[in-house]
Amino acid sequence: MKTNSRMRDCWDALNFVCCVEFWRMAVFWTLALVCSYLQLFSRGFFFRISHSYPRCSPPLPTPSSISKTNAPTRPICIIMGVCHPSFIPLLFTFLLPYPLLYPPLMLQATSGLGAASAHALSREGFHVVLGGRSSYLLSKTVEEIRKQNADAHLKAFQIDLSCFQSIMNFKNALEQWLSDSNMHPSVQVLINNAGIFATSCRFTNEGYDQMMGTNYIGAFALTNLLLPLLRSSPVPSRIVNVTSFTHRCVSGTQVDEETLAGKYFSRSKQYPCAHIYEYSKFCLLLFSYELHRRLYLKDKSCKVSVLYVFLNAVDPGVVETNIMREVPSCLSQLAFMVLRLLGLLQSPENGVESIVDATLAPPESSGEYFFGGRGRTVNSSKLSYDRELAEKLWTSSYKLFIESQLVSKDIS
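Residues numbered from 1 in each chain as written. Predicted model: local features only at pLDDT ≥ 70, side-chain atom pairs only at ≥ 80, totals over all residues. Heavy atoms only, no water.

Caption draft 1: Region of interest: the overall build of the protein. Assigned secondary structure in the protein consists of 12 helices and 12 strands. With 412 residues in all, the protein has 57% of them scored as buried. Pairs at least 24 apart in sequence give 79% of the contacts found in the protein among residues at least 6 apart. On the protein, roughly 17900 Å² of surface is accessible, and the fraction owed to carbon and sulfur atoms is 55%. (Helix = DSSP H or I, 4+ residues; strand = E, 2+ residues; numbered from the N terminus. Buried < 20%, exposed > 50% of the residue type's maximum accessible area, 1.4 Å probe, protein only. Contact = heavy atoms within 4.5 Å. Areas by Shrake-Rupley, 256 points an atom, 1.4 Å probe, with all protein chains shown as cover.)

See below:
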């Protein structure tokens with residue numbers, strides 16, 4: 001039985017090695033990663049330029065900002081989807097400071113990186129709300145966190161980031177929970193880190209490519225649905241989007257509805273898994289910069305709560321998680337071994353540092369691209385700063401968002 005399994009794994013590995021996508025990952029992704037590290041080290045060693053931000057404590061509310069202060073002022077962090085690392089890594093997180101007073105931080109994390117984020121943020125004193133597809137895995141993750149941190153404040157929700165109806169149900173459940181718990185109806189920090197890598201074509205209930213739906217469209221929908229809660233925060237709120245160095249491999253692209261939905265890629269004879277992953281992370285980054293301009297820059301002179309919303313993009317580098325679960329195991333293990341020998345592979349505990357850096361960075365860090373830990377930042381690809389392309393992406397994404405809302409209303 002084991003022999004047959006190994007033979008099948010070797011055959012799958014051979015087929016994968018013979019495809020274009022494998023060599024794109026092996027060559028272009030490696031070059032993209034090296035490019036990020038070269039930029040990071042050249043700034044420090046050759047130009048003596050320090051682009052880093054310190055970690056700050058979550059801002060506490062002033063007596064005038066809230067009407068009821070009968071709850072303890074413990075920072076609240078809602079993390080949606082922190083599960084045992086037996087599923088594809090999905091992560092999106094909200095951070096809120098102050099249990100029973102403000103809403104938590106939410107993080108979709110069904111991977112080692114997501115679980116590590118939950119551990120780290122709970123140690124920072126946040127009330128962490130976990131969300132994921134499996135109630136069993138959620139319970140297991142909550143149990144593991146409490147074993148290491150008995151003082152952790154945790155709450156769990158079920159959610160599928162690739163399904164718009166599930167995102168809507170989560171939003172409604174969150175608002176109901178905030179109301180029932182007598183918390184302030186607001187969110188302080190939202191962290192989107194959706195990341196699945198699929199080697200075969202699959203579609204969501206809305207007809208989108210599953211990788212695009214999970215990695216980008218779901219994050220866009222979730223962010224827009226939660227913007228009212230972010231805007232209503234009496235203290236500075238934050239959005240952190242976790243992207244990838246693979247965005248550097250995108251040299252030119254379309255951002256129309258058909259491409260975003262993945263229908264354009266489905267026309268290929270062979271599923272272009274590497275291209276779609278790069279594209280989904282590039283869209284998330286492009287969306288991040290456009291959101292920064294709309295929320296932090298354009299409204300900076302207005303005396304409204306949206307001034308408190310600031311946004312960062314995070315790239316944790318290469319982290320040893322279960323995201324390559326669909327790649328033949330012998331190839332993924334070989335890749336991890338080589339990266340470990342080169343010193344480029346990080347454990348989830350180390351890889352999460354950039355996420356925590358961005359979560360606790362000061363407001364003036366809005367619009368920065370965090371990479372390498374210790375609060376350091378680098379420049380993303382030149383194409384990611386294209387404002388015209390970002391505006392087109394926003395328009396196309398919003399059309400898909402409205403269509404999903406209409407379909408959801410018809411179903412309900």
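Caption draft 2: Layout of the packing of aromatic side chains. Summed over the entire model, instances satisfying the criterion amount to 20 aromatic pairs. Seen in terms of ring centroids, Tyr37 and Phe371 are 5.0 Å apart; in terms of plane orientation they differ by 65°. Their pairing is edge-to-face. Of this pair, Tyr37 sits in helix 2 (residues 20–45) while Phe371 sits in strand 11 (residues 369–371), and the two are 334 residues apart along the sequence. With respect to burial, Tyr37 and Phe371 carry one shared label: buried. Relative to Phe287, the ring of Phe220 has its centre 5.1 Å away and its plane inclined at 55°; by these criteria the two rings are tilted. One end of the pair, Phe220, is in helix 6 (residues 210–231); the other, Phe287, is in helix 8 (residues 273–297), and 67 residues separate them in sequence. A relative accessible area of 2% places Phe220 in the buried class. An aromatic cluster of three or more residues is present, and its members are Phe164, Tyr216, Phe220, Phe287, Trp394, Tyr398 and Phe401. Lying across the ring of Phe28, Arg24 places its NZ or CZ 5.2 Å from the centre. When the ring centre of Trp394 is taken as origin, the NZ or CZ atom of Arg294, which lies over that ring, is 4.3 Å away. (Phe/Tyr/Trp six-rings, centres within 6.5 Å; stacked < 30°, edge-to-face > 60°. Lys NZ or Arg CZ within 6 Å of the ring centre and 35° of its normal.)

Caption draft 3: Quick look at the pattern of salt bridges. Scanning the entire structure with this criterion turns up 9 salt bridges. With a shortest N-O distance of 2.9 Å, Arg24 and Glu278 are connected by a salt bridge. Here Arg24 is found in helix 2, whereas its partner Glu278 is found in helix 8, with 254 residues between them in sequence. By the burial criterion, Arg24 is buried, and Glu278 matches it. Glu143 serves as the salt-bridge partner of Lys147, at 3.8 Å between the closest nitrogen and oxygen. (Salt bridge = Lys/Arg side-chain N within 4 Å of Asp/Glu carboxyl O.)

Caption draft 4: Quick look at the side chain of His247. Topologically, His247 is positioned in the loop between strand 7 (237–242) and helix 7 (257–260). In this structure the side chain of His247 is engaged in a polar contact, spanning 2.8 Å, whose partner is the backbone oxygen of Ser244. Once residues lying within four places of it in the same chain are set aside, the contact partners of His247 are Glu278, Lys281, Phe282, Leu285, Tyr369, Ser380 and Ser381. (Polar contact = N/O pair within 3.5 Å; in protein donor to acceptor, adjacent residues only side chain to side chain.)

Caption draft 5: Inspection of helix 11 (residues 353–360) at higher detail. Along helix 11, 7 of the 8 residues are buried, which leaves the element largely enclosed by surrounding structure. Within the sequence span of helix 11, burial applies to Ser354, Ile355, Val356, Asp357, Ala358, Thr359 and Leu360.

Caption draft 6: Inspection of the pairing of strand 4 (residues 127–132) at higher detail. Most of strand 4 sits out of view: 6 of its 6 residues are buried. On strand 4, burial covers both faces: His127, Val129 and Gly131 on one face and Val128, Leu130 and Gly132 on the other are all buried. Of the pairings in the sheet, the one linking strand 4 to strand 5 (residues 153–158) comprises 6 bridges and is parallel in character. Paired with His127 across the bridge in strand 5 is His153. (Pairing = 2+ DSSP bridges.)

Caption draft 7: Layout of helix 4 (residues 135–148). Taking 1.5 Å per residue, 14 residues should reach 20 Å; helix 4 reaches 20 Å between its end C-alpha atoms and fits that length. Residues of helix 4 that are buried: Leu137, Leu138, Thr141, Val142 and Ile145. All buried residues of helix 4 fall inside an arc of 140° around its axis, so they share one side. What points out from helix 4, more than 90 degrees from its buried face, is the exposed set Tyr136 and Lys147. The opening residue of helix 4, the one whose side-chain oxygen lies 3.3 Å from the backbone nitrogen of Tyr136, is Ser134. (Expected span 1.5 Å × (residues − 1). Arc of directions from axis to C-beta.)

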